[in-house]
Amino acid sequence: MTTKRILVVDDEALMQEVVQACLEEIAGWEVITASSGQEALAKAAREQPDAIILDVMMPGMDGIEFMQRLKADSNIQSIPVILLTAKLDFTEPARLRMLGVAGAIAKPFDPILLVEQIAAYLGWTL
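Residues numbered from 1 in each chain as written. Predicted model: local features only at pLDDT ≥ 70, side-chain atom pairs only at ≥ 80, totals over all residues. Heavy atoms only, no water.

Visitor: Could you give an account of the packing of aromatic side chains, naming the residues involved and the relevant values?
Guide: Counted according to the given criterion, the structure contains 1 aromatic pair. Relative to Trp 124, the ring of Trp 29 lies with its centre 5.3 Å away and its plane at 85 degrees, an arrangement referred to as edge-to-face. Here Trp 29, found in the loop between α1 (13-27) and β2 (30-34), pairs with Trp 124, found in the segment after α5 (111-122); they are 95 residues apart in sequence, far enough to count as distant. Assigned by exposure class, Trp 29 and Trp 124 land together as buried. (Phe/Tyr/Trp six-rings, centres within 6.5 Å; stacked < 30°, edge-to-face > 60°. Helix = DSSP H or I, 4+ residues; strand = E, 2+ residues; numbered from the N terminus. Buried < 20%, exposed > 50% of the residue type's maximum accessible area, 1.4 Å probe, protein only.)

Visitor: Quick one: what's the story with the pattern of salt bridges, residue by residue and with numbers?
Guide: For the coordinates displayed, the defined rule picks out 7 salt bridges. Between Glu 39 and Lys 43 there is a salt bridge, with its nearest N and O atoms 3.3 Å apart. On the criterion of helical spacing, the pair formed by Glu 39 and Lys 43 is a turn pair, its members being 4 residues apart in helix α2 (residues 37-47). Look at Lys 43 and you get buried, because its relative accessible area is 18%. Among the charged side chains, a salt-bridge network with shared partners connects Arg 5, Glu 30, Arg 46 and Glu 47. (Salt bridge = Lys/Arg side-chain N within 4 Å of Asp/Glu carboxyl O.)

Visitor: How would you sum up the packing of α1 against α5? Please name residues and give values.
Guide: Two elements in contact, α1 and α5, have axes separated by 9 Å at closest approach and are oriented at 75 degrees. Accordingly, the angle class assigned to the pair α1 and α5 is roughly perpendicular. Contact with α1, carried on its side by Val 19, Cys 22, Leu 23, Ile 26 and Ala 27, involves Pro 111, Ile 112, Leu 114, Val 115 and Ile 118 of α5 and no other residues of that element. Considered class by class, the residues forming the contact of α1 with α5 number 10 nonpolar, no polar and no charged. (Axes fitted to C-alpha atoms, helices over the stretch in contact; angles between N-to-C directions. Parallel < 35°, antiparallel > 145°, perpendicular 65-115°, else oblique. Contact = heavy atoms within 4.5 Å. Nonpolar A, V, L, I, M, F, W, Y, C, P; charged D, E, K, R; others polar.)

Visitor: Residues and numbers for the side chain of Asp 10, please.
Guide: Position of Asp 10 among the secondary structure elements: in the loop between β1 (5-9) and α1. Separated by 2.9 Å, the side chain of Asp 10 and the backbone nitrogen of Glu 12 make a polar contact. In this view, Asp 10 contacts Met 15, Gln 16, Ala 34, Ser 35, Asp 55, Met 58 and Lys 107; residues no more than four positions away in its chain are not counted. (Polar contact = N/O pair within 3.5 Å; in protein donor to acceptor, adjacent residues only side chain to side chain.)

Visitor: How would you explain the packing of α2 against helix α3 (residues 63-72) if you had to name every residue and give the values?
Guide: At a minimum axis separation of 10 Å, α2 and α3 run at an interaxial angle of 25 degrees. Judged by the inter-axis angle, α2 sits roughly parallel to α3. Seen along the crossing, α2 lies across α3 with a hand that is right-handed. Residues Gly 37, Gln 38, Ala 40 and Leu 41 of α2 touch α3, and the partners they reach there are Phe 66, Arg 69 and Leu 70. (Left-handed = near helix turned anticlockwise from the far one by under 90°.)

Visitor: Now, about the sheet that holds β1: what can you tell me, with residues and values included?
Guide: If you walk across this open sheet you meet the 5 strands as β2-β1-β3-β4-β5, and the pairing is parallel. Two strands bound the open sheet, and with one partner strand each, they are β2 and β5 (103-106). Strand-to-strand twist in this sheet, taken as the mean axis angle between neighbours without regard to direction, amounts to 20 degrees. Judged from the 5 bridges that link them, β1 and β2 form a sheet pairing that is parallel. Directly across from Ile 6, in β2, lies its bridge partner Val 31. (Pairing = 2+ DSSP bridges.)

Right, dumping it as structure tokens:
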């Protein structure tokens, strides 16, 4: 199994911890966390993760603005993004294409299935 590096972006510390635990314990992936869009953009540029798991509703910079700024930066625009969101309208295929994300996982999510869902969206084998 190839070790992947995932950037988890969520303003809720508990959500970061739950997602991080799932990805590290189940898949053995390395997890980097960020609490804001601005912090995430800086870490994405510095760490070059294999994927970003992004909360949509965050103070300061929401997921939509984050995606616009990510896609405008040639150094990080190719990093795939998966939304982790409580807003179900962000999980519709047309909306996902418009945002340029690889997929969306609705909150609340099943911690056991989270790794499989992420791998499926990204075409990764476990």
